[in-house]
Amino acid sequence: MSEKIKILVVDDEPDILNFISYNLQKEGYEVSTASDGAMGIAIAKKELPELIILDIMMPQLDGIEVCKELRALPQFDNTLIVFLTARNEDYSQIAGFDAGGDDYISKPVRLRVLISRLKALLRRHSAAAPETETTRQQFGDLSIDAEKMEIYRGDQLCVLAKRV
């Protein structure tokens, strides 16, 4: 990977923060950590990570509230949010998804399983991301988009008759 994917891990348990961040860094990710929800929001706003791992049970601002606050901001529309928590009741999972979570993983989880699930989420997310590079080739005021099989004169799409 040319540019490292940024991941933010928010959990009030230092052992979990250290364990997860160390292993994600070994996998090649750029990892930031926060030990509470308010700090997590501040770091997320500053660093704009591609993926955020949130614990639900944290003092003051829990993970559900953090997720709702981040989802209310347009810069986090495409950010993946994964809950990693000891709460595995149906209502907690429903609340997590209703708040805008993309996945919900119950603790304890095996490290390899966690990393595989995160990689799968990131793969699907990048495959669904809109293409930013244009596939058009320019010839004077004409451009051809071979992938879409379209021809443009300036910004106008030229409709060509089908050949029989």
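The notes below deal with the structure included here. Along every chain, residues carry numbers that run from 1 in the direction the sequence is written. Predicted model: local features are reported for residues with pLDDT of at least 70 only, side-chain atom pairs are reported and counted for 80 or more only, and whole-chain, interface and lining totals are derived from all residues. Remark: hydrogens and water are excluded; side-chain values derive from all non-hydrogen atoms of the structure.

## Let's talk about the pairing of strand S8 (residues 150-153)
Part 1 of the argument: Sheet topology note: the strand S7 (residues 142-145)/S8 ladder contains four bridges and is antiparallel. Looking at S8, one finds that aspartate 145 is bridged to glutamate 150.
Part 2 of the argument: Each pair of strands is called paired provided DSSP finds at least two bridges between the two strands. Segments assigned H or I by DSSP are reported as helices when at least four residues long, segments assigned E as strands when at least two residues long, and all are numbered from the N terminus. Linkage of S7 to S8, two consecutive antiparallel strands, is achieved through a turn of four residues, within which methionine 149 is found at a positive phi near 60 degrees.
Part 3 of the argument: Both S8 and strand S9 (residues 156-158) contribute to a ladder of three bridges, which runs antiparallel. The partner of arginine 153 across the bridge, within S9, is glutamine 156.
Part 4 of the argument: As consecutive antiparallel partners, S8 and S9 are separated by two residues, and within that stretch glycine 154 has a phi angle of approximately 65 degrees, a positive value.

## Examining empty space enclosed by the protein
Part 1 of the argument: For each structure, a 1 Å grid was placed over the protein atoms alone; sets of points admitting a 1.4 Å probe that cannot get out are labelled cavities, open sets with protein on both sides within 12 Å along at least five of seven lines are labelled pockets, and lining residues have an atom within 4 Å of a point. Grid points are joined across faces, edges and corners, and a volume is the space filled by probe spheres set on the points. Enumeration according to the criterion identifies one cavity of 30 Å³ or more in this entry.
Part 2 of the argument: One number sums up the size of the largest cavity: a volume of about 50 Å³.
Part 3 of the argument: Surrounding the largest cavity, Lys6, Ile7, Leu8, Glu30, Ser32, Ile43, Ala44, Glu47 and Pro49 form its lining.
Part 4 of the argument: In the lining of the largest cavity, the residues fall into five nonpolar, one polar and three charged. Residue classes follow a fixed rule: Ala, Val, Leu, Ile, Met, Phe, Trp, Tyr, Cys and Pro count as nonpolar, while Asp, Glu, Lys and Arg count as charged, and any other residue, Gly among them, counts as polar.

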